[in-house]
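These are the residues of each chain, in order.
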Amino acid sequence: MTAAEGADAIAAFNPLRPRLTRVAYRMLGSVAEAEDIVQEAFLRWLDANRDEVREPAAFLHRIVTRLCLDQLKSARRRRETYIGPWLPEPIVVAPEDEVDDVALPLMLALERLSPLERAVFVLHDVFGVGFEEIAATIGRKPAACRQLASRARANVRSARPRYALPPEHGLQIASAFFMASRSGDIEALRALLAEDATVYTDGGAKAVAPRRPIIGRDKVTKLFAALAPIFTAHMSRLLHYGLINGLPGFVSIEEDSWLQTTALQIEDDRITAVYVTRNPEKLAHLEQNSLH
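Each chain carries its own residue numbering, running from 1 in the written order of its sequence. In keeping with the predicted nature of the model, local features appear solely for residues at pLDDT of at least 70, side-chain atom pairs appear and are counted solely at 80 or more, and the whole-chain, interface and lining totals rest on all residues. Hydrogens and water molecules were not included; the side-chain quantities draw on all heavy atoms of the structure.

> Where do I start with the pairing of strand β7 (residues 270-277) in this structure?
Consecutive side chains of a regular strand alternate in pointing toward one face of the sheet and then the other. Relative accessibility decides the category of a residue: with a 1.4 Å probe and only protein chains considered, values under 20% of the type maximum give buried, values over 50% give exposed, and everything between is partly exposed. Strands are runs of DSSP state E lasting at least 2 residues, helices are runs of H or I lasting at least 4, and numbering of each runs from the N terminus. Of all 8 residues in β7, 7 are buried; the element is thus mostly enclosed. Between any two strands, at least two bridges found by DSSP are needed for them to pair. Summarising the sheet, strand β2 (residues 193-202) and β7 pair through 6 bridges and their orientation is parallel. Note that in β7 the partner of V199 across the bridge is V274. Across 7 bridges, the pairing between strand β6 (residues 259-267) and β7 is antiparallel.

> Whenever I open this one, the sheet that holds β6 confuses me. Can you help?
Each strand in a sheet pairs with its neighbour through backbone hydrogen bonds, running either in the same direction (parallel) or in the opposite one (antiparallel). The strand order β1-β4-β5-β6-β7-β2-β3 describes an open sheet built from 7 strands, whose pairing is mixed. Each end of this open sheet is capped by a strand with a single partner; those strands are β1 (92-93) and β3 (214-215). Of the pairings in the sheet, the one linking β1 to strand β4 (residues 237-244) comprises 2 bridges and is antiparallel in character. Paired with V92 across the two strands is I244, which belongs to β4. The criterion used for residue contact is that any of the two residues' heavy atoms lie within 4.5 Å. Each axis is a line fitted through C-alpha atoms, taken for helices only over the stretch in contact, and angles between the N-to-C directions span 0 to 180 degrees. Across the sheet, helix α9 (residues 167-183) is in contact with β4, β5 (247-253), β6 and β7; its angle to β5 comes to roughly 40°. The strands touched by helix α11 (residues 217-233) within the sheet are β2 and β3, with β2 carrying the most contacts at an inclination of about 55°.

> Where do I start with the packing of helix α2 (residues 17-28) against helix α4 (residues 56-80) in this structure?
Relative placement of two packed helices is described by the angle separating their axes and the distance separating the axes. At a minimum axis distance of 9 Å, the contact between α2 and α4 shows a crossing angle of 25°. Classified by the interaxial angle, the pair formed by α2 and α4 is roughly parallel. Between α2 and α4 the crossing geometry is right-handed. From α2, R19, L20, V23, A24, M27 and L28 reach across to α4, where they touch L60, H61, V64, T65, C68, L69, Q71, L72 and R79. Orientation categories follow fixed angle ranges, with anything under 35 degrees roughly parallel, anything over 145 roughly antiparallel, 65 to 115 roughly perpendicular, and all other angles oblique. The crossing is said to be left-handed when, going from far helix to near helix, the turn is anticlockwise and less than a right angle, and right-handed when the turn is clockwise.

Written out as structure tokens, the structure is:
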């Protein structure tokens, strides 16, 4: 390959890289794995006979999807032995940034799908790829892909929000939750929580965290009441608020000096779920930007 050919290949690939990374992340729930998949796709793009590729985007979608399907097999095995609740690696954006509709609850629901159902749902319902192209990608007929998409929608329907929460309002609730939970104001905290509120904390056995979900407003308030002396002695350092996998939340440093993200699922102005990520391996991609 000449230098000019290499430059042309890079110029064609780079505009597609962000979208390919988003596809891979939605498939895998891991930033690092998504970036590795896209880099492998780039290497295969360099080796391909690009003169015969009429649609680079379709060609690269095909490569990324097939690589993700292979990766999902090993990822499922790892998650079966994962200690405590598993959450996807958090993606944090500012409220004014564009966010797609694959929020954290939907990403968790995608975990219930088969790899093929997940691929078809992500490609078609999230990224608008046609069934003809998906069929060529996964080696199924278009009619079969439509059936896969239909089954996937049925399985994840309850994970989609009933109404869109304005980001500004969601962040106001996130701010109130931070203040109430860290100050020990349990009555204020109770007022923010739905009756069936649940806390999911992903420590992955690498950070101190409950290994089972804490379910119900009473148990959640008891949890934060027990944490109140720790917060009093070592107040959390709030780094910033933002949208975490599409949900309002915040990034903080806790008393053990570890980075943490907290995302809130909100319905009818009440918090129905709190998703806390403490596993440092899942926060490595945030650490450099958050701490400097």
